[in-house]
Amino acid sequence: IASRFRSCRELFFTGTKRTFLEGVMDATTTPTPLSNDEYELPRDVRTLRVNRLKARRAMTSNDSNLKRKHSVFSQMQREMRGWSGATLRRGFVAKGHGGQ
């Protein structure tokens, strides 16, 4: 029995970890008040501006500093630098987003 349990440990422990993490995420999600206009995002929901064309050009370059500065990840990091953890855990589904 022990060898069978050991061979399936990834299934058991992965499920346990996932359940725990989902519980933590649910408990720490920041509620978002609705906007007065149903088609407008609430002011607490932030948007990121990422220039994918600039990132694509940088990725085709041989300059590693240029890649590091203009990659999509770097642009997102720069935009989100001042955001609090609560901002990143904000729960909101906009009308017409189909639950995304």
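Everything discussed here concerns the structure shown above.
Since the structure is predicted, the reported quantities are computational estimates derived from the model, not experimental observations. (Residues numbered from 1 in each chain as written. Predicted model: local features only at pLDDT ≥ 70, side-chain atom pairs only at ≥ 80, totals over all residues. Heavy atoms only, no water.)

Visitor: So, the overall build of the protein: which residues are in play, and what are the values?
Guide: Counting secondary structure elements, the protein contains six helices and two strands. Walking the protein from its N terminus toward its C terminus, one meets helices and strands in the order α-α-β-α-α-α-α-β. Rg of the C-alpha trace for the protein: 20 Å, well past the compact-globule value of 13 Å for 100 residues, more than 25% over. For the C-alpha atoms alone, the extent of the protein along its principal axes is close to 55 × 50 × 25 Å. Within the protein, buried positions represent 13% of all 100 residues. Pairs at least 24 residues apart make up 58% of the contacts formed inside the protein by residues separated by at least 6 positions. Approximately 8,900 Å² of the protein is accessible, and the part contributed by carbon and sulfur atoms is 54%. (Helix = DSSP H or I, 4+ residues; strand = E, 2+ residues; numbered from the N terminus. Rg over C-alpha atoms; globule rule 2.2 N^0.38 Å. Buried < 20%, exposed > 50% of the residue type's maximum accessible area, 1.4 Å probe, protein only. Contact = heavy atoms within 4.5 Å. Areas by Shrake-Rupley, 256 points an atom, 1.4 Å probe, with all protein chains shown as cover.)

Visitor: Describe in detail the environment of Ala-58, supporting the description with residues and values.
Guide: Position of Ala-58 relative to the elements: it lies in helix 3 (residues 52-60). With near-sequence residues (within four places) excluded, Ala-58 lies in contact with Leu-66, Lys-67 and His-70.

Visitor: Could you give an account of the environment of Asp-63, with specific residues and numbers?
Guide: Examined against the element boundaries, Asp-63 turns out to sit in the loop between helix 3 and helix 4 (64-70). It is 38 Å that separates the C-alpha atoms of Asp-63 and Leu-41, two residues lying 22 residues apart in sequence.

Visitor: Which residues make up the environment of Ala-86, and what values do they have?
Guide: With respect to the helices, strands and loops of the structure, Ala-86 is situated in helix 6 (residues 85-88). Residues Ala-86 and Thr-28, 58 residues apart in the sequence, show an inter-C-alpha distance of 8.0 Å.

Visitor: Quick one: what's the story with the side chain of Ser-74, residue by residue and with numbers?
Guide: Relative to the assigned elements, Ser-74 resides in helix 5 (residues 72-79). Within polar-contact distance, the side chain of Ser-74 engages the backbone oxygen of Lys-69 at 3.1 Å. The residues touching Ser-74, leaving out its near neighbours within four places in the chain, are Arg-68 and Lys-69. (Polar contact = N/O pair within 3.5 Å; in protein donor to acceptor, adjacent residues only side chain to side chain.)

Visitor: Please provide a residue-by-residue account of the pattern of salt bridges, values included.
Guide: Going through the model one piece at a time under the given rule, you end up with one salt bridge. In this structure, Arg-49 engages Glu-79 in a salt bridge whose closest nitrogen and oxygen atoms are separated by 3.5 Å. Here Arg-49 is found in the loop between strand 1 (30-31) and helix 3, whereas its partner Glu-79 is found in helix 5, with 30 residues between them in sequence. (Salt bridge = Lys/Arg side-chain N within 4 Å of Asp/Glu carboxyl O.)

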